[in-house]
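Here are the chains, one letter per residue:
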Amino acid sequence: MGLQIKSSDIQEGPFGVDNFQDMDMDSRGNFSAERNEHRELLRKKNTNMAMEVLAKLMESRKAVVLLRLVRLNMPEKFHGLLQRLWFSEANKLPSSSMKPVSQFFERLSANIFKVCDFEYQLNKGQLVRMLSDIRQPHKRLSYCNSESVQSACWAPFDIYLEHIMDGKQLLITSGVSMLTETIMLLQVFNRASWQETFLALWLSALRLVQREHEPLEGPIPHLESRLCILLTIVPLAIANIMDDEAKFCSSSLQGAAKSGFMEIDGHGYQVDGKGQTSRKNGLISSLQVLGQFSGLLCPPASVIGAANAAAVKAASFISNSKSAKCGSVCGTHSDSYINAGGNLRHLIIEACIARKLIDTSVYYWPGYVSASVISFNDLPPVQKSPWVVFMEGTPFSNSLVNLLLVTPAPSLAEIEKLYDIALNGSVEERSAAAKILCGASLSHGWNIQEHVLRYVVKLLSPPKPSIHTGQRSYLVDYMPMLSAILSGASSIDTVHVLSLHGLIPEVAASLMPLCEVFGSLMPTSNNISSTNDEPSIYMVFSSAFLFLLRLWKFYRPPIDQCLTGGGAIGGELTLEYLLLLRNGRIASHNYSAQDEFNSDQGQHEYASDKPEYVDFYPKLRAWYCQNKSCVASPLSGISTGNPVHEVANKILNMIYWKMTKSGSSFGNSSTATSNSLCGSPPSTAEDPYQRPMLPAWDVLEATPFVLEAILTACAHGRLSSRDLTTGLRDLIDFLPATLGTIVSYFAAELTRGIWKPVPMNGTDWPSPAAILSAIDSEIKEILAAAGVDIPCGSSGQSPPMLPLPMAALVSLTITFKLNKSHEYIHAVVGPALENCSSGCPWPSIPIIGSLWAQKVRRWHHFIVVSCARSVLKRNKVAVAQLLRSCFSSFLGSLNDSTSLLSNQSSVSRLLGTIIAAPGVSPSLAPGFLYLRSCRTIVDIQYVNGVIIGLVTEYARELATRWTRMDSSRLKSSQASLSHAAAKAREVAVLGASLLCLSGGMNLIQELYLETIPTWLLSSKTEKLGEVSAVSRILEGYAMAYLLVMSGSASWGIGSTPPAWVMARRARVVGVHMDFLVRVLEGNISLGCHPATWKAYVSCVVGLVVSFAPAWIQVVKLETLRKLAGGLRGWHESELALSLLERGGVAAMGSVAELLNVIS
C-alpha cells in the first residue's frame, strides 16, 4: 500500500521503533518530574518568603493600625481571622521541614494577637499619659480583718446602696438592673479583677445592713429592705453578670473565648487564668475572702435564727455525706452535730446556691462550718416544718396559718400552691393564703423573693373565673382575698421591696381596675363601715386608692411642678409615666424572650399582656384630672342642683350632725344654712343619723368643695378649730380614701398664700411650746455634727403660728392611731406632711415636728432627723456646707496639712457605721444626711456648681501639697505624683456619685452642656492667685474624670443601651465635643489656664478612648477629625490616632490620612 508500512515489517530491538518511543517517553517524564520538583521547591520558597514578608509587614506600624481598625470596626472579620489562626495552630505539623514556616507563623500570630491588647496603642507621653492610663499591675488582695481597708474607688457601691434605701422615693426601674450596670462600670473604670469587684460589692452590702443595727423608729424602710438588697438584689445582679458571660461563651465567637480573650462592649477581658479570672471563679474567691470580715458578718438579732439554720443546713449536708460513705454505722445516736454559729456569710452562700451561682462544694471550705459540736442527745427534737404539713394537704387552721406566717417558704412549689388556693379556695382559705403570701415568705424568703413578689402582684389582678356570670364585677367575689393582699402588700417595707425589684409600674397597673370597680359600687347599709375588721367596699377601695397614690407625688404643689430638672428623676413622676413604663415592659416581654427586664429575675409572668391607660378607667381619670386642676388653681364654684353639689351637702350634713351631737355649733343660729355650700338647708329626706350611701368616686369628687366650705367657715369664725379637726377626722373615718384629696387640697392652698396664720396656743389649736426649744436645739446639733452651721431655730414668736391649712392638716394627722392597721394611712401622711411643712415659712417645720414628737414619743429621733433634712430643701448655704463636709469626711480636711495625701479615704466617715445608737441623740454622717435630702433640694442645679468647685479645689490642693513635700526624692518620684493623681480620682469619683444621685440624667446633661463649659470659659486667676503647673494639670484631670465618670454612670458605656438613652447620650456628648473643637479652632476664648485646658481635653479623650469607646462612634466625623488635629498639634498623635480608630467604618479613611502624616 505504497508508503504504508506493516507493523510486521518494523524491526524490533535496541534500535527498533519501540526503543525510540521508550526513549522519548522517558525524557519527557524526567523533564516533567524535574519541573514539578522545581515548582514544589519554588512553592515552598514562596510560602516561606510570603510568611516572612507577612510577618515583617505585621511588625510595621501601619499594619498594626490597619488590624486595629478591623478589630474595632469590623469585629466579626477580625474574629474570623483569629479563628483561622487558632485552627492553623491546632493542626500544625511537627515536621522539621516546616520549622521555618512555623517560626514565621508564630511571629505573625504574635503580632496579630498584640492587637487584642486594648492598651497597645496608648503611648502618650509624660504626665498626661500617667493620668489617662491608670492601669497598674494588680496585687493579690491582702485585706486585714477591718472595715476601714476598702479602697475609695469602690465608694459608689456604698453610696448607691444607701441612696436606694430612701423610703421617700420609690424606684421605678429595677434595682437589679441598675446595680448590674454599676458593677460593670466600676469593674471597667477600676481595671479590677472580678474577685476584687465582687468582694467590694459584698462588703458594701454588708455595711448597709450593719448601719441598721439600731434604726430610727418611724415610718421608713428598715432591716427587711436592707436584707433584701444583700440577699436578693445583689445575688440577682451577679446572676445577670454571669449570664452575660455564659451568653458570650455560647455565641458564635467561641473561638475568642477559647483563646483566652473576650471582648464585650468594646472592652477586652482575659479569661485564661493569666489575666483576669472568670467571673464565677472571681465570685468564689470573693466569698472565700469574705470570711475574714467577721465584724461585718455579725447577723442582726432578727435573722440570727435564719443564719443558724443556714449553718445547720451545711453541717447536715456534710454529716449526710459522711453517712452515705460509711453506711449504717454513722446513722446512730452517736453522730455528732455541728453547732450553728451562723452569720451573714452563711445566708449569702445560701442565696448564691439557690440561684445556681455556686454549688454545695462550698460547704467543705475550711472554717465554713463551726468546729464546735454537741451530742445528738443535747439537741432539741426536730419539729416538722409547717410547710411540710401544708404540702401534705392539711387544711388551714389558726395555728397552722400563724406558723406559716412567720416561716419562709422553702421553695417555689409552696408559693404556687398558695397562689392557687388564694384564687380557687373557700372565702376563708383565700384570705388566709393571701396573708401567708405577704408574710415571712415575702420579707425573709430571700432565695425566692422575686417570685413571691410576682405572685403578690398577680393576685392584685386576679383572673376572671370561667363560670362568672352577671353584670356585677367578678372582682367583688375576690373581696376578702383582695383586702388581705392589699393590707399585706401596702406595708412600708413591702412597698420598698417592691420598688427595689422594679415592680412599681406593674403594681400601679394592677391597682387601677380595683379602684375603678370598688369606687363605682354603691355600698349597702351593712357593707359601708370602714373601721371594723370585716372587709367592706369602702375599705378595699381606700386601701387600693391610697396605695396607688403612694406610687407618685400626687400632692406636689404648683411651684414644684413648674421646676424642671428637680429631684433624682428630673421632673414630676406621673401616673401616665408609670403606665408608659409598664406598657413598654409588656411590649418588650412579648416581642423578646431575652429582654433587659426579663434578665433581672428570670421568666416573668404578667397579669395581663395588654397595655393599660388612664383613659380606660373613666372614674379614675375624672378624679385624676380634678386633682391636677385642684392643685394647679383654686376651685371654681358649682351651681345649685349640680349632682356634685348635692353630694357635698350630704357629706356636710353628716359632719354637721356629728358637731351638733357633741354640742358645738358654727357660732350663729343659722348653722344649717352656713353649713351648706349654697345656703340650702340640709335634706330631711335622709336620716341624719345614717351615713350617706354613695359610691366612693362621688364622695371624692365632692370632697374638695366640702374642704373649701369648712376651711372658709373656720377662717371666718363660724366653725371652731376643734370642730374642723373633728369633721375632717369623721370624713376620713367615713371614707379613708378622702385623705388623698385632703392632703392634695391643703398642699395646694398652702402655696397660694391666701390663708392667715393661726396661733398654736393650746386653746384653739394644739401647742408645741413644751418641747419646741428642745427640738430646735436637737436640729442644730444634727446639722452641726454633719458640718452645717446656719441659724435654723424658731423665730421666738409667741405663740407659734401656722397657716390655717397647715394647722388643720397637722391637727388632723396627730389624731390617727399608730397601729399596723393604719400604716397605709401614715405612709401617705408622712411624706405629704413633710412636703407641706417645707413649703411654709421656716418656723413651721420645728413646730410640726414638736407636735408630732409630743404625740409619738418613740418616733422622737426620726422626727428630729426629718426636720433637719427639711432645712436643706431651700437653703443653698446649708447645701454647700453639707457638700463640703461630705468631701472632707471622705477625703480629709483641706485645713489639715497632712491628711489629704496620707489618710485613707473612708466610706465609714462619709456614711457612718450606724444610724443611731440606743439612748443617744442621733448624729448623722454628712453623706447619709445628704443622700436623704438631695432629692428634695429645690434648686438642684446649684449642686452642680458646688461639686465642681469642690473637685477642682481639692485637686489643686493635692498637687500643691505634693510640690511642698520636704523630701526631694519623694517630690520627684512618679509614685508620689501617681498617689496624688489617685487621690484626685477619688475626689472626682465622689463628685460624680453625688451628682448622679442628686439630679439624674438632667443634671449630668447640664454638666456637659453648661456647667463645665462655663467653668472653662470663666477666669479664676484673681481668685486663686499663683498656682503651680502641676496643680493646673491635676485640676483639668479631675474635671475630665468627673465628666466621663458621671456620664458613664448615667448613660452607660456599652454600645447597646436603650434607644432613648442612646439618643440623649449621642446628643449631649456630641455637643460637648463640638464645644471642644470650637475652642481648639480659636472660635471661643478660654478663661482657664492653658495647662488646665490641655490636661482637660487630653484626659477627656483618653478616658473616653479607654473606658467608653462606644461614645465616639456617635460623634460627627468632622468633629473627630478636628479634635484629632488639635491633639496632634499638642504632640498627642497616638491619642489622636486612637480617637479616630474608634470612630467607626466612616473614620477609617481619616485614620489612614493621619497615619501617613505622622509617619
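Source: prediction; values computed, not measured.

1. Remarks on the overall build of the protein chain
Here is step 1 of the chain: Of regular secondary structure, the protein chain possesses 52 helices and six strands.
Here is step 2 of the chain: Burial statistics for the protein chain: of 1159 residues in total, 55% are counted as buried.
Here is step 3 of the chain: In the protein chain, the share of contacts with a sequence separation of at least 24, taken over all contacts with a separation of at least 6, comes to 79%.

2. Considerations on the packing of aromatic side chains
Here is step 1 of the chain: Under the criterion given, the structure shown has 25 aromatic pairs.
Here is step 2 of the chain: With a centroid separation of 6.0 Å and 85° between ring planes, the pair formed by F189 and Y1041 is classed as edge-to-face. Within this pair, whereas F189 is found in helix 7 (residues 175–189), its partner Y1041 is found in helix 47 (residues 1029–1051), the two being separated by 852 residues in sequence.
Here is step 3 of the chain: On the basis of relative accessibility, which here comes to 1%, the residue F189 falls in the buried class.
Here is step 4 of the chain: When the ring of Y538 is compared with that of F734, the centres are 5.3 Å apart and the planes differ by 85°; the resulting orientation is edge-to-face. In this pair, Y538 sits in helix 24 (residues 537–549) while F734 sits in helix 32 (residues 721–734), placing the two residues 196 residues apart along the sequence.
Here is step 5 of the chain: The structure contains a cluster of three or more aromatic residues connected by ring pairs, namely F189, Y1037, Y1041 and F1107.

3. Looking at helix 38 (residues 860–871)
Note that an α-helix has 3.6 residues per turn; residues three or four places apart therefore point the same way.
Here is step 1 of the chain: Taking 1.5 Å of rise per residue, the twelve residues of helix 38 would be expected to cover 16 Å, and the 17 Å separating its terminal C-alpha atoms lies within 8% of that figure.
Here is step 2 of the chain: Among all positions of helix 38, only F862, I863, V864, V865, S866, C867, A868, R869, S870 and V871 are buried.
Here is step 3 of the chain: Residues of helix 38 that are buried sit in contact with helix 34 (769–785), helix 36 (823–838), helix 37 (844–855) and helix 42 (926–933).

4. Topic: the packing of helix 49 (residues 1090–1107) against helix 51 (residues 1133–1141)
Here is step 1 of the chain: Relative orientation of the contacting elements helix 49 and helix 51 amounts to 45°, with a least axis distance of 10 Å. As the angle between them shows, helix 49 and helix 51 are arranged oblique. The two elements helix 49 and helix 51 cross, and the hand of that crossing is left-handed. Contacts between helix 49 and helix 51 involve S1098, V1101, G1102 and V1105 from the first element and L1135, S1138 and L1139 from the second.
Here is step 2 of the chain: Looking at the contact of helix 49 with helix 51, its residues break down into four nonpolar, three polar and no charged.

5. Focus on the nonpolar core
Here is step 1 of the chain: In terms of nonpolar packing, the biggest core is built from 339 residues, with W202, F518 and Y1096 touching the most fellow members.
Here is step 2 of the chain: The biggest single contributor to this core is helix 45 (residues 974–1017), with 21 residues.
Here is step 3 of the chain: The residues contacting Y1096, other than those within four sequence positions of it, are I1012, L1016, G1036, M1039, A1040, L1043, H1072 and L1076.
Here is step 4 of the chain: Residues L67, V70, F78 and I112 belong to the second largest nonpolar core, which totals five residues.

6. Things to note about the pattern of salt bridges
Here is step 1 of the chain: On inspection of all chains with the given rule, the structure shows 25 salt bridges.
Here is step 2 of the chain: For R729, the salt bridge identified is with D733, shortest N-O distance 3.1 Å. Residue R729 and its partner D733 are both found in helix 32; the two are separated by four residues, about one turn of the helix.
Here is step 3 of the chain: For R729, a relative accessible area of 17% corresponds to the buried category.
Here is step 4 of the chain: Accessibility expressed as a relative area gives 24% for D733, which makes it partly exposed.
Here is step 5 of the chain: Salt bridges sharing partners connect three or more residues here, namely D158, E162, R207, R211, E212, R226 and R932.

7. Description of the packing of helix 2 (residues 61–73) against helix 51
Here is step 1 of the chain: Relative orientation of the contacting elements helix 2 and helix 51 amounts to 35°, with a least axis distance of 10 Å. On helix 51, the residues that touch R61, V65, R68, L69, L72 and N73 of helix 2 are E1134, L1137 and E1141.

8. A look at the environment of A702
Here is step 1 of the chain: Position of A702 among the secondary structure elements: in helix 31 (residues 696–715).
Here is step 2 of the chain: Given the relative accessible area of 0%, A702 is considered buried.
Here is step 3 of the chain: Each C-alpha atom of the pair A702 and V644 lies 5.5 Å from the other, and the pair is 58 residues apart in sequence.
Here is step 4 of the chain: If near-sequence neighbours (up to four positions away) are discounted, A702 is found in contact with V644, V647, A648 and I651.

9. Description of unusual backbone geometry
Here is step 1 of the chain: Here the phi dihedral of R191 falls at roughly 50°; this positive angle occurs in a residue that is not glycine.
Here is step 2 of the chain: The topology assignment puts R191 in the loop between helix 7 and helix 8 (194–210).
Here is step 3 of the chain: Positive phi, normally seen in glycine, also occurs at K356, with a value near 60°.
Here is step 4 of the chain: Residue placement: K356 occurs in the loop between helix 14 (344–354) and strand 4 (373–375).

10. Examining helix 18 (residues 427–437)
Here is step 1 of the chain: Taken as a whole, helix 18 has its buried residues at R430, S431, A432, A433, A434, I436 and L437.
Here is step 2 of the chain: The inward-facing, buried residues of helix 18 abut helix 15 (386–391), helix 16 (398–406), helix 17 (412–424), helix 19 (440–443), helix 20 (449–459) and helix 21 (479–489).

11. A look at the environment of Y1037
Here is step 1 of the chain: Mapped onto the elements of the fold, Y1037 is located in helix 47.
Here is step 2 of the chain: C-alpha of Y1037 to C-alpha of Y1096: the two residues are 59 residues apart in sequence and 5.4 Å apart in space.

12. Section: the environment of V829
Here is step 1 of the chain: As for its position among the elements, V829 is in helix 36.
Here is step 2 of the chain: Using a relative accessible area of 4% as the deciding quantity, one classes V829 as buried.
Here is step 3 of the chain: Each C-alpha atom of the pair V829 and R550 lies 9.8 Å from the other, and the pair is 279 residues apart in sequence.
Here is step 4 of the chain: When sequence neighbours within four positions are dropped, the list of residues in contact with V829 reads L739, T813 and F816.

13. Things to note about the side chain of N627
Here is step 1 of the chain: The topology assignment puts N627 in helix 28 (residues 618–632).
Here is step 2 of the chain: On the basis of relative accessible area, N627 is assigned to the buried category, the value being 8%.
Here is step 3 of the chain: Apart from residues lying up to four places away in sequence, N627 is in contact with F554 and S744.

14. What about the confidence of the model for the protein chain?
Here is step 1 of the chain: For the protein chain, the average pLDDT comes to 79, and 73% of its residues sit at 70 or higher.
Here is step 2 of the chain: Element-level pLDDT for the protein chain is lowest in strand 4, with a mean of 35, against a maximum mean of 96 in helix 14.
Here is step 3 of the chain: Confidence drops under pLDDT 50 across residues 1–17; counting only partners more than four residues distant or on other chains, this segment forms eight contacts.
Here is step 4 of the chain: When the criterion is pLDDT under 50, residues 966–972 qualifies, and its contacts beyond four places in sequence or with other chains add up to six contacts.

Rules and cut-offs
- Residues numbered from 1 in each chain as written.
- Predicted model: local features only at pLDDT ≥ 70, side-chain atom pairs only at ≥ 80, totals over all residues.
- Heavy atoms only, no water.
- Helix = DSSP H or I, 4+ residues; strand = E, 2+ residues; numbered from the N terminus.
- Buried < 20%, exposed > 50% of the residue type's maximum accessible area, 1.4 Å probe, protein only.
- Contact = heavy atoms within 4.5 Å.
- Phe/Tyr/Trp six-rings, centres within 6.5 Å; stacked < 30°, edge-to-face > 60°.
- Expected span 1.5 Å × (residues − 1).
- Axes fitted to C-alpha atoms, helices over the stretch in contact; angles between N-to-C directions.
- Parallel < 35°, antiparallel > 145°, perpendicular 65-115°, else oblique.
- Left-handed = near helix turned anticlockwise from the far one by under 90°.
- Nonpolar A, V, L, I, M, F, W, Y, C, P; charged D, E, K, R; others polar.
- Core = buried A, V, L, I, M, F, W, Y, C linked by side-chain atoms within 4.5 Å.
- Salt bridge = Lys/Arg side-chain N within 4 Å of Asp/Glu carboxyl O.
- pLDDT = per-residue confidence, 0-100.

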